[in-house]
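Descriptive analysis of the structure
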Amino acid sequence: MILCECGEIIDGGTFKDFIKTSSNPSTPTIGHDKCGYIFNFIDNKMYRKYSSRKELKTIAIRYAEKKKIGENDIERYLMEVDRMKSNGNSSDCEILINAYMRLQSSNGVK
């Protein structure tokens, strides 16, 4: 999963591009069609988004829809996201994935 700086979860909708990195002056990479952001996977310059609680819950709802989380579990998922947001300095992507993994483990799904 890639979470773009614009707040969208990228699932398709990318374009190919070449950027200058520390390993090569012409490194292939991808960019996001919607906002045009180009990702640098080589130099560990991945964008780490830290949204407000309200923004993160909006992103979490979109993530829950993509993962097809049932209506009964969405509330628990959002509570877990909120709990993780208040516990530390994790990025949005880390919070979304870890909350989803906790939800799965509490449901007995592997």
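Only a predicted model underlies this, so the values are computations on that prediction, with no experimental measurement involved.

**Focus: the overall build of the chain**
- Looking only at helices and strands, one finds three helices and four strands in the chain.
- Each helix (α) and strand (β) of the chain, taken in turn from the N terminus, gives the series β-β-β-β-α-α-α.
- In terms of principal-axis extent, the alpha carbons of the chain reach across some 50 × 25 × 25 Å.
- Sorting the 110 residues of the chain into buried and exposed places 34% on the buried side.
- Residue pairs in contact within the chain that sit at least 24 positions apart in sequence constitute 46% of those at least 6 positions apart.
- Approximately 7200 Å² of the chain is accessible, and the part contributed by carbon and sulfur atoms is 48%.

**What to know about the environment of Met 101**
- Considering the arrangement of structural elements, one finds Met 101 in helix α3 (residues 92-107).
- Judged by relative accessible area, Met 101 falls into the partly exposed class, the value being 48%.
- Sequence separation of Met 101 and Tyr 77 is 24 residues, and the distance between their C-alpha atoms is 9.7 Å.

**Observations concerning the side chain of Ser 51**
- For Ser 51, the position within the fold is in the loop between β4 (27-32) and α1 (53-66).
- Relative accessible area serves as the criterion here: at 4%, Ser 51 is assigned to the buried category.
- Within the structure, Ser 51 has its side chain in polar contact with the side chain of Asp 92 (distance 2.4 Å).
- Not counting chain neighbours up to four residues away, the residues in contact with Ser 51 comprise Leu 56, Ile 59, Lys 85 and Asp 92.

So, how was this worked out
Residues numbered from 1 in each chain as written. Predicted model: local features only at pLDDT ≥ 70, side-chain atom pairs only at ≥ 80, totals over all residues. Heavy atoms only, no water. Helix = DSSP H or I, 4+ residues; strand = E, 2+ residues; numbered from the N terminus. Buried < 20%, exposed > 50% of the residue type's maximum accessible area, 1.4 Å probe, protein only. Contact = heavy atoms within 4.5 Å. Areas by Shrake-Rupley, 256 points an atom, 1.4 Å probe, with all protein chains shown as cover. Polar contact = N/O pair within 3.5 Å; in protein donor to acceptor, adjacent residues only side chain to side chain.

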